[in-house]
Amino acid sequence: MAKRKSGAGSSKAQKIALAIVIIIVIIAVTCGALWIAFVATDGFGGRINTLFIEIEGKKYSKSAEDIIIYPGTEIRIDSMSKIPYEVKIEASDRADFAFSVAGERGYRWAHLAGRDFTKYFEMTEGKSGFTVQHNGINGILTAYYGGDASSDEAITPRDLFVMIVKCGERERRFGFYPALTRPTDITLDPDKVVM
């Protein structure tokens, strides 16, 4: 009967176990370094999206247009890098209409394109974003000019403003219309609809 040397087999098993532990540690350190690089470079220099904006329950990963912002609209900022964000609102160049200020006609929306309107919107910061309050387009123009303003023509909902959300190197632009009231649900009675 052959005698087995004590410790020779267990020494080999210990070396294999140590090698496995070292490989696991190297993988963990590499993954940790990659995650830190991902967050620190805002998605490896912008190639991977790390900023999402949610407006009225709809999530955006890039800029968008034709959004309606009602008083009390909640905007949620979800950034993997946890960098603080900035918000700016400018007059859009996508619309034009005539309006009067203090009874004086001749004002045009196109002349306001690019001007900063941030202070005419009340933005209350919350836990993961902010809530927007406003007084509709006539209220905003009245505050801007310091005199009673009203449009001289019907304004169809279109992008009158651009909300720019900047988080680190990332920027999202949202064209929007500041509506005062939400549409209400309408239910039709099928028995009374005449075709």
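Our structure is the block above this text.
About the cut-offs
- Residues numbered from 1 in each chain as written.
- Predicted model: local features only at pLDDT ≥ 70, side-chain atom pairs only at ≥ 80, totals over all residues.
- Heavy atoms only, no water.
- Helix = DSSP H or I, 4+ residues; strand = E, 2+ residues; numbered from the N terminus.
- Contact = heavy atoms within 4.5 Å.
- Pairing = 2+ DSSP bridges.
- Axes fitted to C-alpha atoms, helices over the stretch in contact; angles between N-to-C directions.
- Salt bridge = Lys/Arg side-chain N within 4 Å of Asp/Glu carboxyl O.
- Buried < 20%, exposed > 50% of the residue type's maximum accessible area, 1.4 Å probe, protein only.
- Phe/Tyr/Trp six-rings, centres within 6.5 Å; stacked < 30°, edge-to-face > 60°.
- Lys NZ or Arg CZ within 6 Å of the ring centre and 35° of its normal.
- Polar contact = N/O pair within 3.5 Å; in protein donor to acceptor, adjacent residues only side chain to side chain.

### Some words on the overall build of the chain
When helices and strands are tallied, the chain shows three helices and twelve strands. Of all intrachain contacts in the chain linking residues separated by at least 6 positions in sequence, the fraction that spans at least 24 positions is 65%.

### Brief notes about the sheet that holds strand β12 (residues 170-178)
Here four strands make up an open sheet; going across it, the order is β3-β12-β11-β5 and the pairing mixed. Edge strands, defined here as strands with exactly one partner in the open sheet, are β3 (64-69) and β5 (85-91). Strand-to-strand twist in this sheet, taken as the mean axis angle between neighbours without regard to direction, amounts to 30 degrees. In terms of strand pairing, β3 meets β12 through four bridges, oriented parallel. Paired with Ile 67 across the two strands is Phe 176, which belongs to β12.

### Details of the environment of Ala 95
You can see Ala 95 is positioned in the loop between β5 and β6 (98-101). With 62 residues separating them along the chain, Ala 95 and Pro 157 place their C-alpha atoms 9.8 Å apart. Leaving out residues up to four positions away in the same chain, Ala 95 has contacts with Trp 109, Ala 110, Arg 158, Asp 159 and Leu 160.

### As for the pattern of salt bridges
Within this structure, the stated rule accounts for nine salt bridges. With its nearest N and O atoms 2.4 Å apart, the salt bridge here joins Arg 94 to Asp 159. With Arg 94 in the loop between β5 and β6 and Asp 159 in the loop between β10 (149-151) and β11 (161-167), the pair connects residues that are 65 residues apart, well separated along the chain. According to the relative accessible area criterion, Arg 94 is partly exposed, its value standing at 44%. Overall, Asp 159 belongs to the buried group, its relative accessible area being 2%. One network of salt bridges, in which partners are shared, links Glu 65, Asp 66, Arg 94 and Asp 159.

### Brief notes about the sheet that holds β6
Strand order in this open sheet of three strands is β7-β6-β10, and the pairing throughout is antiparallel. Of all strands in the sheet, those bounded by a partner on one side alone are β7 (104-108) and β10. Strand after strand, the sheet turns through a mean of 35 degrees between neighbouring axes, direction not considered. Its contacts with the sheet place helix α3 (residues 136-145) against β6, β7 and β10, and it is angled at close to 140 degrees to β10.

### Observations regarding the packing of aromatic side chains
Taken as a whole, this structure holds 17 aromatic pairs when the rule is applied. Measuring from centroid to centroid gives 5.8 Å for Phe 97 and Phe 99, while their planes differ by 50 degrees, and the two rings are tilted. Using a relative accessible area of 0% as the deciding quantity, one classes Phe 97 as buried. Within the aromatic cluster, the residues linked to one another by ring pairs are Phe 97, Phe 99, Tyr 107, Trp 109, Phe 117, Tyr 120, Phe 121, Tyr 144, Tyr 145, Phe 161 and Phe 176. Between Lys 59 and the ring centre of Phe 52, over which it is positioned, the NZ or CZ distance is 5.6 Å.

### Remarks on the side chain of Thr 73
By secondary structure assignment, the location of Thr 73 is in strand β4 (residues 73-79). Given a relative accessible area of 0%, Thr 73 falls into the buried group. At 3.4 Å, the side chain of Thr 73 and the side chain of Glu 56 are in polar contact. Filtering out sequence-adjacent residues up to four positions away, Thr 73 remains in contact with Ile 55, Glu 56, Phe 130, Thr 131, Val 132 and Arg 182.

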